[in-house]
Amino acid sequence: MADIRSQWIQSLRAELDERRAGHLLRELRQVESPQGPTLVIDGHEYVQFCTNNYLGLATDPEVIEASREATGRFGAGSGASRLVAGSMALHHQLETALAHFKHAEAALVFPTGFMANLAVLTTFAGEDDLVVSDKLNHASLLDAAKFSGAYHRTFPHRKYERAAELLEKQEVRSKKQDEKGKDQESGRKSAGRRFLVTDSFFSMDGDLADLPAACAVAASHDALVIVDEAHGTGVLGPRGAGVAELQGVEDRVTLSIGTLSKALGSLGGFVTGPREAIEMLVNAARSFIYTTALPPGCSAAALAALKIVEREPARRQRVMSLAQRVKTELEALGFDCGNSASPVIPVILGEAETAVAAAMFLRQRGIYVPAIRPPTVPPKSARLRISLMTTHTDSQVSQLIDAMAALAADQANR
Ligand SMILES: Cc1ncc(COP(=O)(O)O)c(C=O)c1O
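The residue count restarts for each chain, going from 1 along the sequence in the order it is written. The predicted nature of this model means local features are confined to residues of pLDDT at least 70 and side-chain atom pairs, given and counted, to a pLDDT of 80 or more, with totals for whole chains, interfaces and linings taken over all residues.

A.B. asks: Outline the overall build of the protein, listing residues and values.
C.D. replies: Helix and strand counts for the protein stand at 15 helices and 13 strands. It is over C-alpha atoms that the radius of gyration is taken, and the globule rule equals 2.2 Å times the number of residues to the power 0.38. In terms of overall size, the protein behaves like a compact globule, its C-alpha atoms giving a radius of gyration of 22 Å where 414 residues would be expected to give roughly 22 Å. Along the first, second and third principal axes, the C-alpha set of the protein runs to 70 × 55 × 55 Å. Considering the protein as a whole, with its 414 residues, one finds that 50% of them fall into the buried category. Put simply, DSSP H or I for four residues or longer makes a helix, DSSP E for two residues or longer makes a strand, and each gets a number counted from the N terminus. The burial criterion counts other C-beta atoms lying within 10 Å of a residue's C-beta, which is placed from the backbone; the residue is buried at 20 or more, exposed at 12 or fewer, and partly exposed between these limits.

A.B. asks: Can you break down the site of the ligand residue by residue, with the values?
C.D. replies: Any residue qualifies as near a molecule or strand once its backbone-derived C-beta atom lies within 6 Å of it. In the region of the ligand, 14 residues are neighbours, and Thr112, Gly113, His138, Ala230 and Thr259 sit closest. Top element by residues in the shell around the ligand is helix H5 (residues 113-124). It accounts for three residues.

A.B. asks: Now, about the domain arrangement of the protein: what can you tell me, with residues and values included?
C.D. replies: The parts lose accessible area when they come together, and the size of an interface is often stated as this lost area. Parsing the protein into structural domains produces domain 1 (23-52 + 313-412) and domain 2 (62-310). With centres defined by C-alpha atoms, the gap from domain 1 to domain 2 works out at 28 Å. Whether two residues are in contact depends on their C-beta atoms, placed from the backbone: they are in contact if these lie within 7 Å. If you look at the interface, domain 1 gives 16 residues, while domain 2 gives twelve residues. Looking at the side of domain 1 that touches domain 2, the element that brings in the most residues is strand E10 (residues 344-350), giving three residues. Note on residue classes: Ala, Val, Leu, Ile, Met, Phe, Trp, Tyr, Cys and Pro are nonpolar, Asp, Glu, Lys and Arg are charged, and everything else, Gly too, is polar. Partitioning the side of domain 1 that touches domain 2 into residue classes produces eight nonpolar, six polar and two charged. Annotation comment: domain bounds sourced from an automatic or database domain assignment.

A.B. asks: Hey, could you go over the sheet that holds strand E5 (residues 151-155) for me, with residue numbers and the actual values?
C.D. replies: Taken together, seven strands build an open sheet; the order of strands is E3-E9-E8-E7-E6-E4-E5 and the sheet is mixed. Both edges of this open sheet fall to strand E3 (106-110) and E5, since each of them pairs with a single strand only. Each neighbouring strand pair of the sheet contributes to a mean axis angle of 20°, computed without reference to strand direction. Here the rule is simple: two strands pair whenever DSSP picks up at least two bridges between them. Pairing geometry for strand E4 (residues 130-134) and strand E6 (residues 194-199), over four bridges, is parallel. Helix axes are fitted only over the stretch in contact, all axes being lines through C-alpha atoms; the angle between N-to-C directions runs from 0 to 180 degrees.

A.B. asks: Would you mind going over the pairing of strand E8 (residues 255-259) in detail, with residue names and values included?
C.D. replies: Here E8 lies mainly inside the structure; five of its five residues are buried. Side chains Leu255, Ile257 and Thr259 project from E8 onto one buried face, and the interleaved Ser256 and Gly258 project onto a second face that is buried too. With three bridges joining them, strand E7 (residues 223-228) and E8 adopt parallel strand pairing. Paired with valine 227 across the two strands is serine 256, which belongs to E8. Across four bridges, the pairing between E8 and strand E9 (residues 269-273) is antiparallel. Within E9, the position partnered with threonine 259 by the bridge is glycine 269.

A.B. asks: How would you explain the sheet that holds strand E12 (residues 371-372) if you had to name every residue and give the values?
C.D. replies: Read from one edge of the open sheet, three strands run E10-E13-E12, paired in antiparallel fashion. On the outer flanks of this sheet lie E10 and E12, each paired with one strand and no other. Sitting on the sheet, helix H13 (residues 313-332) is in contact with E10 and strand E13 (382-387), with an inclination near 25° to E10. Where helix H14 (residues 352-363) meets the sheet, it contacts E10, E12 and E13, and its direction lies at approximately 35° from that of E13.

A.B. asks: Residue-level account of the nonpolar core, with values.
C.D. replies: Any set of buried Ala, Val, Leu, Ile, Met, Phe, Trp, Tyr and Cys residues joined through C-beta atoms within 7 Å is what this text calls a nonpolar core. In this structure, Val120, Val132, Leu196 and Val271 are the most contacted members of the largest nonpolar core, which totals 122 residues. Among the domains, domain 1 (23-52 + 313-412) and domain 2 (62-310) are the pair contributing at least three residues each to this core. Excluding anything up to four places from it in sequence, leucine 196 contacts Val132, Ala163, Leu167, Ala214, Val217, Ala218, Ala223 and Val225.

A.B. asks: Hey, could you go over helix H1 (residues 4-21) for me, with residue numbers and the actual values?
C.D. replies: The first and last C-alpha atoms of H1 sit 26 Å apart over 18 residues, in line with the 26 Å expected at 1.5 Å per residue. Among the residues trailing H1, histidine 23 stands out with phi positive, at a value near 60°. Expected span of a helix, by definition, is 1.5 Å for each gap between consecutive residues, and there is one gap fewer than residues.

Here you go:
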């Protein structure tokens, strides 16, 4: 009889085999080049349409130099949590710059955007609060809502009238509180608050939340609005501050979350909002308190990237015009590109197998586009996810469109 460890490994193998058979197995590939418009992957060079490095800043010489200089001066790591000895001058400079950029009172930097999302909901929502989320919100926001212990309901994508119905029917649950009425883990008192939580730019669909509609629903139900601008930051809005800026609702969003890891080309997450909220995160957010601070090189890279975003609007104008071209030409070929209004263009194909075969077809023609499958997207909506970069040349984009035309012809002949 097999021992418990062998039984466990066997059961894992069976589960992985099942995923492989369903075209759902995820595998790591080795990238051997910088994150430019071309990538060398497993020894082959491809023109790539798969990163979130929308403005090309991860490989920008000014950003690299800032990172190199900060690493030389301050070291590779920050040594401790922010509250111990890791709160370096660069973090404070970055927070001042982010608050200014987002027109907010204050900002707080985290080691990743995932941790920033986790911090916000687990700090501000508790057992007798209600969190209402767009069903297509990023996994980190959905997980954060779960971990918060709040009563969590999702509404269908961008259906704010349904969000309104959910906000009307708040249910109060029993609390895990001490004798002073405080939540035992966060040390904070829950107050029966309502939160409406949404991504601003949905990363697998490339479409945007209707933030004025979301804010109006929240306002009429006394709910606070939390927006994840991970993908909008740097790319959308007149100054690149994000979708809230684009749609003119910066002052109606209670808390905004962002990441330094996408258009800003570095690593790290951040939250902007009222000074008191930021101070409360410093005091109660477990994913801020119990982790080592962002390294100096990442902080300096993000600071340099922010300056470029503010100085060079042409970068975001170019990536948006490339995206518009790709969407128009792919729709003319008969592809379903959803409601994309950003540098991410989905090509919705349906079954996971079809999406994997399409990605392979493109790869054989020197184009790297990822197939996105459930559970990242809903069942039967597997897709290619094309993301554009400012630094793509017109001829690289033409190569993509030619390969997609060949794919359309191949599918029509089946
Ligand atoms: C919408 C959204 N929010 C949050 C995150 C997490 O950001 P980070 O990669 O900085 O952890 C991501 C990235 O994966 C994202 O797409």
